[in-house]
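Structural overview
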Amino acid sequence: DLLSSEKTAYEKEVNKLKDLLSSEKTAYEKEVNKLKDLLSSEKIAREKEVNELEEQIVMAKSAREKDIEDTSHAHKLKTDKLNKLLQSQQQRYKTKLSSTIDDANKQSEEANELKLEAQEIKRVAYKDAKRVIVNERNHSTHLQKRLKEKHKTELVAFIKSTTTNKRRNNNGEIDEEIVDEEVDDELVDEEVEAVDNTLEREREREQQKKIVDELKAKVKALEQIAPKVIQKKWIKNPNGKKGGTQAWPHHVVLLIMEWLSNRTPPSCIAANIVSLCSIIMPSTPYIRTVRSLLVVVTKTLAAYTVARVPRFHQIYTDGTTRRQTELINMLIGYVTDEGLKTVTLDNMIISPEKKSLSTAQALMQSMENAQKLLKGWREVTKELYPDDEDILALIPLPEAATLTKARDAYITTDTCSQAKNVRTQMIKAIKDLAVKEGICENTEDFRMHELDCWNHLRNLWIEHAVDTLEKRVKTDLAEDLLDIPKIYRVDVAMNLLLRSIDKEFALTANYAKGHGSMFAHWMEISHPGALLFPTARMLGGTRQDAVTEGALPAYMNRHYCVEFLFQKLCAGTTEANILQTSLFLQLTSIEIVAMLRVLSIVHIAIVKPIRFLSGKCHDLDGWGISKMPKALDILYEALKEIVADGSKLLDEDFAMGIFKSLESEVPKFKDYMTHIHEQKEMYVVGDRTKESRKVGMEEARMELFTPTTTMNEMKGQGSKFGEWQRTSMPTINATFKNFRIEFLFNVSYDHSHDEESDLVWMSGEVIEIMNAKKNKVKIRWDEKWLTEGEDPESVQVLLKSLWNQNKAGAWREHLVE
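Residues numbered from 1 in each chain as written. Predicted model: local features only at pLDDT ≥ 70, side-chain atom pairs only at ≥ 80, totals over all residues. Heavy atoms only, no water.

Moving on: the overall build of the chain. The number of helices and strands found in the chain is 25 helices and 16 strands. Counting the 817 residues in the chain, one finds 34% classified as buried. Considering only intrachain contacts with a sequence separation of at least 6, the fraction spanning at least 24 residues in the chain is 60%. About 52,300 Å² of surface is accessible on the chain, with carbon and sulfur atoms providing 52% of the total. (Helix = DSSP H or I, 4+ residues; strand = E, 2+ residues; numbered from the N terminus. Buried < 20%, exposed > 50% of the residue type's maximum accessible area, 1.4 Å probe, protein only. Contact = heavy atoms within 4.5 Å. Areas by Shrake-Rupley, 256 points an atom, 1.4 Å probe, with all protein chains shown as cover.)

Spelled out as structure tokens, the structure:
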């Protein structure tokens, strides 16, 4: 009985709905009929207007033909041709009103041709006018003679009585001076001829003006009928309100958006459009407004991509500040056949209260905004193409853009407390949305994974390490810092030092008070062939590990920078530069250089491997985000050993072997480390040839782990004498004899059963040139390097590639202090 009663009630409701639908259908049909009647009446009115216009054109044409009959036969043919062109252009304009942009361009070309023909007709008309004027002149010759005879008597009488000479004074008034004199017939003829010339010029001017006015009217009519390629269109206000506005066509807006997408400044777009087509001329303020439209289009395309993706694999959000305003972004990661792809759903999310809950709600709202954009896109497409369902099917439904696709996905944020709270609130909101949409019965069935961003983790490590270093050095240099005037702004903060280096030495020379271009020119003159590391970009926002990245070039370039600063400060040509003085004081400090060295080692031994492993998780075979803790465990054990024995950080084998065990597990990681440290080459100063390139990281490791100091002289690891050497090797010819030379030998030592070897520089003198082409010379070695019974002379080949190197077989000039 209960089911029967419910069925009866249900059937009643169904009948009510059917009646309601029937009544709505009837009302809708009435409205449709009304609209059809309205359209029919508008159509009849428009046809009536068109007929009236055609009648007016016919009447104008008949009137024009009547006027043309009075002209010459040649001029009549030209006018007929022009009328035919006008008629054809009118018909073409009526049939091409709803054409596309390509049709409009074709009409522009035809309009240009018509303008050229109009100009040609204008030139021909001028010729016809001249011919008419000549005829009129011949025709009026008889009248001129009669006029001359008629006025001759009067003029003679007048001229004989008085002659008036008129001239203007400084005040613009006319002074008249009457002179009585006798006038002969020759003077009368001159006066009559002057009057005739005046009348003739006035007649010619009137005739030419008449012809020019007629041609201008015809050209104006032609320009009005010819279609414009691009012009603003009048758009009425919606909802039947009065008034409206003028707007550029869609293809002009798309053109501006294309330029904005390619980062063209708004002030340059109008000039670019002028060069493309002089008819298009949108203003710069309007182009700036198109940037807002570009944001909407970009977000719509992002919503389109998100809606078409079947499943999300990662949601990432992070915050930044612009002009004291906190902005949040939201990125969606998904996997395709080509690997992991990322789309930015929104990068300008503003949280109203700046709290965890409101921030999570703002992030969820960004997906709802994407649904609204898809909905609006579908509505506009349906209005433009009401009968084409295939086009509408290409646009996803708004419901397809939903965060419930993030089932079993990672949600990634940084490691601060608020970011973690936002992450928790987002997961809760997504689970509630999944239950609401019926994807799962309860929130426990919808699983998501929380993940800390490894880039943020790495930056936190570096930030605390740098803070510890700076506090230690600042304590040691407290008294010295007090002795330096505050005007030079000397500090031990690494980020400030690297910002100053970027200002002064960056080759981009973007800082007004810097000398990057001058430094580059000085390097080419003073140190051609030197290896100059590019300065790290520290201005305009950086990460915490940018300190380690910038420390490496600062440490490697410090000798050249100090030499350049020394010359500039001692030249005396300009006033002391605060920036240069501050840099000179810091880069000549042993403690600051030591900090740069430590941070450089940390960068190549720790930062770069962690960067690669975390950034390439999705591309590495046998590796993934779940295995990153393994790399962290390896690093933690290595750092514990460094804490126990700080010298291990300066041990190349230990520092560069921290992640050695992962190379066999991740082959691509091994390839990356090999490429960075053994294969990647850099150009030297002043030479862009392939042969001159050097492996930059190999040079850096040599300088970092075996710096050029006097203590390392006997081990072949370079010294200040190596720094004093000339850039290129000396020429080996007859003048090379008696050259004081040093040669680097690999010397073996026998300690009972264990044999060890070391590199030692041995000095001597060149006594003979054996073969100049092959750089083969004979050297007599100094006695202190000889053992009992050893020959003091030997033949050596001096290789160009081993000049002033730190390898066995290297050679250089023997210098003394």
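That covers the picture; the talk isn't over yet.
Let us now look at the packing of aromatic side chains. The final tally for this structure, using the stated rule, is 16 aromatic pairs. The interplanar angle of 85° and the centroid separation of 6.4 Å between the aromatic rings of tryptophan 454 and tryptophan 461 together place this pair among those described as edge-to-face. Accessibility expressed as a relative area gives 11% for tryptophan 454, which makes it buried. Geometrically, the ring pair formed by phenylalanine 745 and tryptophan 781 is edge-to-face, given 5.3 Å between the ring centres and 75° between the ring planes. Separated by 36 residues along the polypeptide, phenylalanine 745 in strand 12 (residues 740-751) and tryptophan 781 in strand 14 (residues 776-781) bring together distant segments of the chain. Accessibility expressed as a relative area gives 23% for phenylalanine 745, which makes it partly exposed. The cationic tip of arginine 558 hangs over the ring face of tyrosine 555; the distance from NZ or CZ to the ring centre is 4.0 Å. Cation over ring: arginine 688 sits above tyrosine 683, and NZ or CZ is 4.0 Å from the ring centre. (Phe/Tyr/Trp six-rings, centres within 6.5 Å; stacked < 30°, edge-to-face > 60°. Lys NZ or Arg CZ within 6 Å of the ring centre and 35° of its normal.)

Moving on, we get to the side chain of histidine 515. Along the chain, histidine 515 falls in the loop between helix 14 (494-505) and helix 15 (516-526). Of note is the side chain of histidine 515, whose polar atom sits 3.1 Å from the side chain of glutamine 580. Leaving out residues up to four positions away in the same chain, histidine 515 has contacts with Lys503, Glu504, Phe564, Lys568, Asn577 and Gln580. (Polar contact = N/O pair within 3.5 Å; in protein donor to acceptor, adjacent residues only side chain to side chain.)

Glancing now at unusual backbone geometry. Phi angles above zero are rare outside glycine, and arginine 489 is one such case at about 55°. As for its position among the elements, arginine 489 is in the loop between helix 13 (478-483) and helix 14. One non-glycine residue, asparagine 804, lies in positive phi territory at about 55°. You can see asparagine 804 is positioned in the loop between strand 15 (793-797) and strand 16 (811-813).

Reading across the sheet, the five strands line up as 7-6-5-8-9 and stay open at both edges, with mixed pairing between neighbours. Taken across any chain shown, the strands that pair with only one partner, and hence form the sheet edges, are strand 7 (339-349) and strand 9 (449-452). Each neighbouring strand pair of the sheet contributes to a mean axis angle of 25°, computed without reference to strand direction. Against the sheet, helix 8 (residues 284-308) touches strand 6 (325-336) and strand 7, its axis set at about 140° to strand 7. (Pairing = 2+ DSSP bridges. Axes fitted to C-alpha atoms, helices over the stretch in contact; angles between N-to-C directions.)

Bringing helix 12 (residues 454-476) into the picture now. Over its 23 residues, helix 12 runs 34 Å from end to end, which matches the ideal 33 Å to within 8%, given 1.5 Å per residue. Buried within helix 12 we find Trp454, Leu457, Arg458, Asn459, Ile462, Val466, Glu470 and Val473. In this fold, the buried residues of helix 12 make contact with strand 9, helix 14, helix 16 (546-556), helix 19 (590-615) and helix 20 (628-644). (Expected span 1.5 Å × (residues − 1).)

Our next topic: the environment of leucine 583. As for its position among the elements, leucine 583 is in helix 18 (residues 578-587). It is 7.2 Å that separates the C-alpha atoms of leucine 583 and serine 500, two residues lying 83 residues apart in sequence. Ignoring anything within four residues of it in the chain, the contact list for leucine 583 reads Leu497, Ser500, Ile501, Glu504, Phe505 and Leu565.

For the rest of this paragraph, the subject is the environment of valine 797. Inspection of the secondary structure puts valine 797 in strand 15. Here the alpha-carbon distance between valine 797 and alanine 772, two residues 25 residues apart in the chain, equals 10.0 Å. Not counting the four nearest positions on each side in its chain, valine 797 is found in contact with Phe743, Lys774, Asn775 and Lys776.

Another point: the nonpolar core. One finds Met494, Phe519, Leu596, Leu613, Trp623 and Phe659 to be the most contacted residues of the largest nonpolar core, which totals 77 residues. When neighbours within four sequence positions are excluded, leucine 613 is seen to be in contact with Leu620, Trp623, Met628, Ala631, Leu662 and Phe669. Residues Phe312, Ala401, Leu403 and Ile411 belong to the second largest nonpolar core, which totals 34 residues. (Core = buried A, V, L, I, M, F, W, Y, C linked by side-chain atoms within 4.5 Å.)

A few words on helix 20. The terminal C-alpha atoms of helix 20, which comprises 17 residues, lie 25 Å apart, in line with the 24 Å expected from a rise of 1.5 Å per residue. Every buried residue belonging to helix 20 is among Met628, Ala631, Ile634, Leu635, Ala638 and Ile642, and all of these are buried. Looking straight down helix 20, one finds that the buried residues subtend no more than 120° of arc, so they occupy a single side. Residues of helix 20 that are exposed and point more than 90 degrees away from the buried face comprise Tyr636, Val643 and Ala644. Those residues of helix 20 that are buried are in contact with helix 12, helix 19, helix 21 (652-655) and helix 22 (661-665). (Arc of directions from axis to C-beta.)

A cluster of nonpolar side chains, contributed by Leu293, Val296, Val297 and Leu301, occupies part of the molecular surface with about 290 Å² of accessible area. If you trace the backbone, leucine 293 turns up in helix 8. (Patch = residues over 30% accessible without salt bridge, like charges linked within 9 Å, V, L, I, M, F, W, Y side chains within 5 Å. Salt bridge = Lys/Arg side-chain N within 4 Å of Asp/Glu carboxyl O.)

In this section: the pattern of salt bridges. Scanning the entire structure with this criterion turns up 20 salt bridges. For glutamate 665, the salt bridge identified is with lysine 630, shortest N-O distance 2.6 Å. Of this pair, glutamate 665 sits in helix 22 while lysine 630 sits in helix 20; the two residues are 35 residues apart in sequence, bridging distant segments of the chain. The class for lysine 630 is partly exposed, based on a relative accessible area of 39%. For glutamate 793, the salt bridge is made with arginine 780, and the minimal N-O distance between the two is 3.3 Å. With glutamate 793 in strand 15 and arginine 780 in strand 14, this residue pair connects regions lying 13 residues apart in the sequence. Through salt bridges that share partners, Arg423, Glu450 and Asp452 make up one connected network.

A separate point is the packing of helix 14 against helix 19. Packing of helix 14 against helix 19 leaves a shortest axis separation of 12 Å and a crossing angle of 95°. The pairing of helix 14 with helix 19 is recorded here as roughly perpendicular in orientation. Residue-level contacts link Met494, Leu497 and Leu498 of helix 14 to Ile592, Met595, Leu596 and Leu599 of helix 19. For the contact of helix 14 with helix 19, the class distribution of residues is seven nonpolar, no polar and no charged. (Parallel < 35°, antiparallel > 145°, perpendicular 65-115°, else oblique. Nonpolar A, V, L, I, M, F, W, Y, C, P; charged D, E, K, R; others polar.)

The next point concerns the side chain of arginine 423. Looking at the element boundaries, arginine 423 is found in helix 11 (residues 417-436). Take arginine 423: its relative accessible area is 5%, and that puts it in the buried class. The residues contacting arginine 423, other than those within four sequence positions of it, are Ile411, Thr413, Asp414, Glu450, Leu451 and Asp452.

On average, residues of the chain score 79 in pLDDT, and 76% of them are at 70 or above. Confidence drops under a pLDDT of 50 for residues 709-718, and excluding neighbours within four residues, the segment shows 29 contacts in the predicted structure. (pLDDT = per-residue confidence, 0-100.)

Taken together, Glu479, Asp480, Asp483 and Glu591 make up a surface patch of like negative charges. The element that contributes the greatest number of residues to the negative patch is helix 13, accounting for three residues. Take aspartate 483: it is sitting in helix 13. (Lys, Arg positive; Asp, Glu negative; His and termini not counted. Charge placed at Lys NZ, Arg CZ, Asp CG, Glu CD.)

Quick look at the pairing of strand 6 now. Bridging between strand 5 (residues 314-322) and strand 6 involves nine bridges; their strand directions are antiparallel. For threonine 317, the partnering residue across the bridge sits in strand 6 and is methionine 330. In sequence, strand 5 turns back onto strand 6 through a hairpin of two residues, with arginine 323 there showing a positive phi of about 55°. Judged from the eight bridges that link them, strand 6 and strand 7 form a sheet pairing that is antiparallel. Opposite isoleucine 328, over in strand 7, you have isoleucine 349 as the bridge partner. Counted between consecutive antiparallel strands, the loop separating strand 6 from strand 7 contains two residues.

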